[in-house]
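A structural walkthrough
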Amino acid sequence: MTIPVKRPQSFLHLLGALILLATAAFTAEKPKTDLSSDALAKGEPTTKRSARPNIILFYIDDMGWGEIGPFSDTVNQTPSLDRMAAEGLCLRQYYTSNTACSPSRAAMLTGTHAGRIGMDGTVHFPGENWGLNPNEITIAEMLKEQGYATGCFGKWHLGDQPEFLPLAQGFDHYYGIPYSNDMWPGNGNNHRVTKEAYTPLPIILGNDPVAYVADAHDQALLAETFTDKAIDWIEEQNTQNQQPNTRAQPFFCYVPHAYVHFPRYARRQHFDRAEGAVYRSTTEEVDDSVGRILETLRELNLAENTLVIFTSDNGGVGNQEVMGGLRGNKGGPKYEGHQREPFVAWWPGVIPAGSESHEFLMSIDLLPSIAKLVGGKVPTDRKIDGKDGLDLLLGKPGAKSPHEVIHYEEMGLRRGDWKLIRSGRDAKLELYDLSSDVAETNNLAREHPELTEELLQLCIAHGKELIAPEFFRPRAVLDRPTEPRIPYEHDLPNLRTYLGAPTTETLNAAGDSVPEGEFGGGKSASKTPPNKKKPKGKSKN
């Protein structure tokens with residue numbers, strides 16, 4: 001604040017001026033930070049933080065709703081997520097738009113149900129000729145238009161050909177695996193499309209393979225290496241922003257971990273910490289990743305200018321305990337365990353500490369909500385299904401869901417506390433009152449036939465509207481031969497060699513130590529599948 005003071009003509013005048021200046025400094029009201037979503041979205045001035053914050057999005061693979069401490073788990077030790085929730089927000093009724101890896105990621109990044117953009121129904125397999133259409137506008141592309149640096153570190157799974165990888169979808173930098181960590185030679189079920197043995201699982205830098213996941217020991221490094229690379233990139237962005245005469249550039253760091261998807265392995269130190277439970281160990285390594293990245297933000301004085309989001313792509317797998325009392329998990333009918341996911345948001349000084357909400361928010365809402373936050377543009381030349389839920393995302397008291405109805409793909413629907421499930425298009429209907437039966441044990445369809453029919457018609461109409469020609473946008477299909485990114489025979493180093501990491505004892509889910517060069521269970525990783533000197537050319541898809 002500047003106080004206009006006339007030039008003093010004497011010592012007494014000077015003394016009086018100094019007293020006036022000091023008094024004004026102590027009595028003037030300090031500027032208040034406007035934390036309203038409108039102020040942040042409009043870019044109005046704030047103190048200590050930018051109207052365009054850095055954004056970090058953790059997207060975990062196959063994590064159940066109740067798999068972490070903030071969502072009722074008492075076995076897995078997740079101190080970093082516990083602290084993140086205590087300092088931030090938990091959304092108790094957050095839903096992924098689509099189930100399975102590829103549809104979920106496509107919907108979240110584009111703000112559009114996967115069925116509307118041709119990305120539903122199945123996941124992408126190595127070497128297939130289709131992927132997320134490059135004409136789609138992702139969160140990363142929207143943020144780049146607002147001047148953001150963008151990086152992706154982890155599992156992509158929206159197409160492994162260069163035309164579909166992150167650099168073609170708005171990211172400046174990519175390091176990770178192009179699809180799930182079970183799509184490797186250690187999976188004896190073979191490629192679902194070609195029926196042949198899987199080719200090696202690539203580590204991609206930019207658009208090119210630089211290493212491969214060779215065995216159980218490499219699998220056990222995935223969470224750590226993605227975290228390391230994300231931290232390196234964040235530190236690089238911060239260093240660049242500190243350079244003289246450089247305009248600070250906010251960043252978007254997307255961390256889609258391969259964990260806790262099968263197969264699961266653990267290095268000895270993590271195995272022992274988890275008391276011999278590898279399933280628990282992988283969850284706790286994800287927690288380590290969150291803790292390390294949040295601590296990096298604190299050390300770089302970026303915490304108060306960074307929004308961090310933690311969630312998962314779809315329901316958990318394994319025992320039902322990870323679902324936190326919800327019925328179902330990944331796959332099967334659309335029970336709550338299938339699409340309700342843990343969700344934690346953190347932004348010190350903006351999101352009220354220890355806040356929570358039971359209002360609905362969906363993964364498709366992230367794009368329009370983040371767009372409003374940074375002053376970005378939601379595409380208007382196509383149908384975007386997501387809605388602005390920024391007030392919920394920022395923990396604003398009294399914030400309401402932007403949805404009256406939420407859809408579980410085209411096979412389920414929730415309106416208020418009433419939920420309809422179709423176990424098949426012409427099969428059994430199930431109706432539940434989630435206000436008193438969140439475990440979905442008491443089917444009320446017979447007791448409420450009119451309500452059941454009303455919700456069914458809404459569900460059917462939604463399915464038809466998804467594929468209506470005026471709104472449907474197809475996935476991209478290449479008109480050239482495609483093949484997996486690494487052939488059976490290659491000269492790339494394994495991940496440990498690429499990273500210069502030592503080989504340490506690694507254990508499988510049964511608690512058995514896995515010899516170097518093996519997948520576990522005695523299966524060697526060094527054998528080339530018979531008659532597979534190179535993969536076939538064009539995908540059968």
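Model, not experiment: these values are computed from the prediction.

Here we take up a negative patch on the surface. Together, Asp232, Glu235, Glu236 and Glu299 make up a negatively charged patch on the protein surface. The element best represented in the negative patch is helix α7 (residues 222-241), accounting for three residues. The exposure class assigned to Glu299 is exposed, which follows from its relative accessible area of 57%.

Residues of the protein with pLDDT of at least 70 account for 86%, and the chain-wide mean is 88. In this model residues 1-37 is a low-confidence stretch, pLDDT under 50, and it forms 22 contacts with partners more than four residues away in sequence or in other chains. Below pLDDT 50 for its whole length, residues 41-47 participates in 13 contacts with residues either more than four positions away or in separate chains.

Structurally, the position occupied by Arg496 is in helix α14 (residues 495-499). Judged by its relative accessible area of 4%, Arg496 falls in the buried class. Among the polar contacts listed, one links the side chain of Arg496 to the side chain of Thr503, at a separation of 2.9 Å. If sequence neighbours within four positions are ignored, Arg496 has contacts with Asp215, His217, Asp218, Leu221, Ala501, Pro502, Thr503 and Glu516.

A few words on the pairing of strand β17 (residues 429-433). Side-chain direction in a regular strand flips from residue to residue, so the side chains alternate between the two faces of the sheet. Within β17, four of the five residues are buried, which leaves the element mostly enclosed by the surrounding structure. Note: strand β16 (residues 418-422) against β17, five bridges, orientation antiparallel. Note that in β17 the partner of Arg422 across the bridge is Leu429.

Contact geometry for helix α3 (residues 79-86) and helix α9 (residues 278-299): axes closest at 7 Å, N-to-C directions at 55°. In terms of orientation, α3 lies oblique with respect to α9. For the pair α3 and α9, the contacting residues are Pro79, Ser80, Leu81, Arg83 and Met84 in the first and Asp287, Val290, Gly291, Leu294 and Arg298 in the second. A per-class count over the contact of α3 with α9 returns five nonpolar, two polar and three charged.

Within the structure shown, the criterion is met by 36 salt bridges. Residue Arg327 pairs with Glu430 through a salt bridge whose shortest N-O separation is 4.0 Å. Of this pair, Arg327 sits in the loop between β10 (306-312) and α10 (336-339) while Glu430 sits in strand β17, placing them 103 residues apart in sequence. Residue classification places Arg327 among the partly exposed positions, given a relative accessible area of 32%. Through salt bridges with shared partners, a single ionic network connects Arg273, Glu275, Arg280, Glu284 and Asp288.

Thresholds, definitions, all that
- Residues numbered from 1 in each chain as written.
- Predicted model: local features only at pLDDT ≥ 70, side-chain atom pairs only at ≥ 80, totals over all residues.
- Heavy atoms only, no water.
- Patch = residues over 30% accessible without salt bridge, like charges linked within 9 Å, V, L, I, M, F, W, Y side chains within 5 Å.
- Areas by Shrake-Rupley, 256 points an atom, 1.4 Å probe, with all protein chains shown as cover.
- Salt bridge = Lys/Arg side-chain N within 4 Å of Asp/Glu carboxyl O.
- Lys, Arg positive; Asp, Glu negative; His and termini not counted.
- Charge placed at Lys NZ, Arg CZ, Asp CG, Glu CD.
- Helix = DSSP H or I, 4+ residues; strand = E, 2+ residues; numbered from the N terminus.
- Buried < 20%, exposed > 50% of the residue type's maximum accessible area, 1.4 Å probe, protein only.
- pLDDT = per-residue confidence, 0-100.
- Contact = heavy atoms within 4.5 Å.
- Polar contact = N/O pair within 3.5 Å; in protein donor to acceptor, adjacent residues only side chain to side chain.
- Pairing = 2+ DSSP bridges.
- Axes fitted to C-alpha atoms, helices over the stretch in contact; angles between N-to-C directions.
- Parallel < 35°, antiparallel > 145°, perpendicular 65-115°, else oblique.
- Nonpolar A, V, L, I, M, F, W, Y, C, P; charged D, E, K, R; others polar.

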